[in-house]
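Here is how the chains run, residue by residue.
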Amino acid sequence: TRSTRPQRLLKAVQKHATRGDPQSVISAIDHFCRHSEWAMNIGDEKGSILDSVVSEVNPEKVLELGTYCGYSTVRIARLLPPGARLITLEFNADYAAIARQVIIWAGLEDKVQLVEGASEDWIPRMKEHFGIETFDFVFLDHWKDRYLPDTKLMEDCGLLRKGTVLLADNVICPGVPDYLAYVRNSLSYKSCYFKSHLEYTKAEDGLEKSVFLG
Ligand SMILES: O=C(NCCCCCn1ccnc1)c1cc(-c2ccc(F)cc2)cc(O)c1O
Ligand SMILES: [Mg+2]
């Protein structure tokens, strides 16, 4: 039967990228999405903003909600210092299977733990199952109607500390109005918007960076 888009994306990585070279994996995916098939990776334009925020925070403990094919996982993990860890949650088993292989092709498997399942099931288990006290950086890129409830759940589970940075993708397209209103109006967050474009298109989109104030 016909292959899936994530499978074709993985093939493009294995054909054009160099094993162990994260930048070549990023470039291969961006080329595939621009010239072959659009896919919902954060992309190169918003990806550069992600890179600058990750470099500024220099996190030891990272949570990514929504792995998809592992593009942003690779972008983040390639910037992490030795010993730093990234936990990425993916609900869709087919996406997770592809992402695992993309992460291995990039040579970043030692920094990344990919967990399959629902964010609301795993967020409450971060402490006892992964020995995580708090996260330094959280990247939100999963179901858009889960950004707000999962942020409140992370607060309630004590997973955020003074200075934890949340970075949310797609705050304009598809959009996360309830989440935006919350982080922009809450006294517990200092929030700012990075205007950009929807991956590989001219449509407006952007990232919202929100610092938890405790
Ligand atoms: O839906 C998105 N992501 C979630 C995917 C499923 C997550 C599953 N999961 C993982 C963990 N817990 C649940 C998404 C969509 C678009 C988009 C934009 C315009 C358009 F016309 C079509 C699509 C662009 C993105 O950048 C996105 O991130
Ligand atoms: Mg996204």
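Residues numbered from 1 in each chain as written. Chains lettered and ligands numbered in written order. Predicted model: local features only at pLDDT ≥ 70, side-chain atom pairs only at ≥ 80, totals over all residues. Heavy atoms only, no water.

1. Here we look at the overall build of the protein chain
Each helix and strand in the protein chain was counted, giving 10 helices and seven strands. Computed over the C-alpha atoms, the radius of gyration of the protein chain is 16 Å, within 12% of the 17 Å expected from 2.2 N^0.38 for a compact globule of 214 residues. Along the first, second and third principal axes, the C-alpha atoms of the protein chain reach 50 × 40 × 35 Å. Looking at the protein chain as a whole, 55% of its 214 residues qualify as buried. Long-range contacts, defined as pairs at least 24 residues apart, comprise 72% of the intrachain contacts of the protein chain with a sequence gap of at least 6. Surface accessibility of the protein chain: about 9500 Å² in total, with carbon and sulfur atoms responsible for 53%. Taken together, the 26 basic and 30 acidic charged side chains of the protein chain have centroids lying 3 Å from each other. (Helix = DSSP H or I, 4+ residues; strand = E, 2+ residues; numbered from the N terminus. Rg over C-alpha atoms; globule rule 2.2 N^0.38 Å. Buried < 20%, exposed > 50% of the residue type's maximum accessible area, 1.4 Å probe, protein only. Contact = heavy atoms within 4.5 Å. Areas by Shrake-Rupley, 256 points an atom, 1.4 Å probe, with all protein chains shown as cover. Lys, Arg positive; Asp, Glu negative; His and termini not counted. Charge placed at Lys NZ, Arg CZ, Asp CG, Glu CD.)

2. Section: the pairing of strand 2 (residues 85-90)
Across the six residues of strand 2, five count as buried, placing the element largely inside the fold. Pairing between strand 1 (residues 61-65) and strand 2: five bridges, direction parallel. Looking across to strand 2, one finds that L63 is bridged to I87. The handedness of the strand 1 to strand 2 crossover, carried by helix 4 (residues 71-77), is right-handed. In this structure, strand 2 lies alongside strand 3 (residues 112-116), joined through five bridges in parallel fashion. Across the sheet, the residue bridging to L86 is V112, located in strand 3. This β-α-β element, strand 2 to helix 5 (residues 93-105) to strand 3, shows right-handed connectivity. (Pairing = 2+ DSSP bridges. Right-handed = clockwise from strand over helix to strand, strands pointing away.)

3. Digging into the pattern of salt bridges
Between side chains of opposite charge, a pair can form as their charged atoms come close. Counted according to the given criterion, the structure contains 18 salt bridges. Here E37 ties to R5 by a salt bridge, and the two come within 3.1 Å at their closest N and O atoms. You can see E37 sitting in the loop between helix 2 (22-35) and helix 3 (43-57) and its partner R5 sitting in helix 1 (residues 5-16), a full 32 residues away along the chain. What makes E37 buried here is its relative accessible area of 16%. Of the charged contacts in the structure, one is a salt bridge between R75 and D51, with a shortest N-O distance of 2.7 Å. (Salt bridge = Lys/Arg side-chain N within 4 Å of Asp/Glu carboxyl O.)

4. Some details on the site of ligand 1
Every one of the 16 residues lining ligand 1 counts as a neighbour, but D141, K144, D169, N170 and E199 are closest to it. D169 places a side-chain nitrogen or oxygen 3.2 Å from an oxygen atom of ligand 1. The class makeup of the residues in the shell around ligand 1 is eight nonpolar, three polar and five charged. (Near = heavy atom within 4 Å. Polar contact = N/O pair within 3.5 Å; in protein donor to acceptor, adjacent residues only side chain to side chain. Nonpolar A, V, L, I, M, F, W, Y, C, P; charged D, E, K, R; others polar.)

5. Notes on the packing of helix 8 (residues 147-156) against helix 10 (residues 177-185)
For any two helices packed against each other, the geometry is given by the interaxial angle and the distance between the axes. The contact between helix 8 and helix 10 brings their axes to 8 Å, and the two run at 40°. Between helix 8 and helix 10, the interaxial angle falls into the category oblique. Each of Y147, L148, T151, K152 and E155 in helix 8 lies in contact with helix 10, whose residues at this interface are D178, Y179 and Y182. Looking at the contact of helix 8 with helix 10, its residues break down into four nonpolar, one polar and three charged. (Axes fitted to C-alpha atoms, helices over the stretch in contact; angles between N-to-C directions. Parallel < 35°, antiparallel > 145°, perpendicular 65-115°, else oblique.)

6. So, unusual backbone geometry
In this structure, P174 follows C173 across a cis peptide bond, with omega equal to 5°. Tracing the backbone shows P174 in helix 9 (residues 171-175). For N58, which is not glycine, the phi torsion reads 45° and is therefore positive. By the secondary structure assignment, N58 is in the loop between helix 3 and strand 1.

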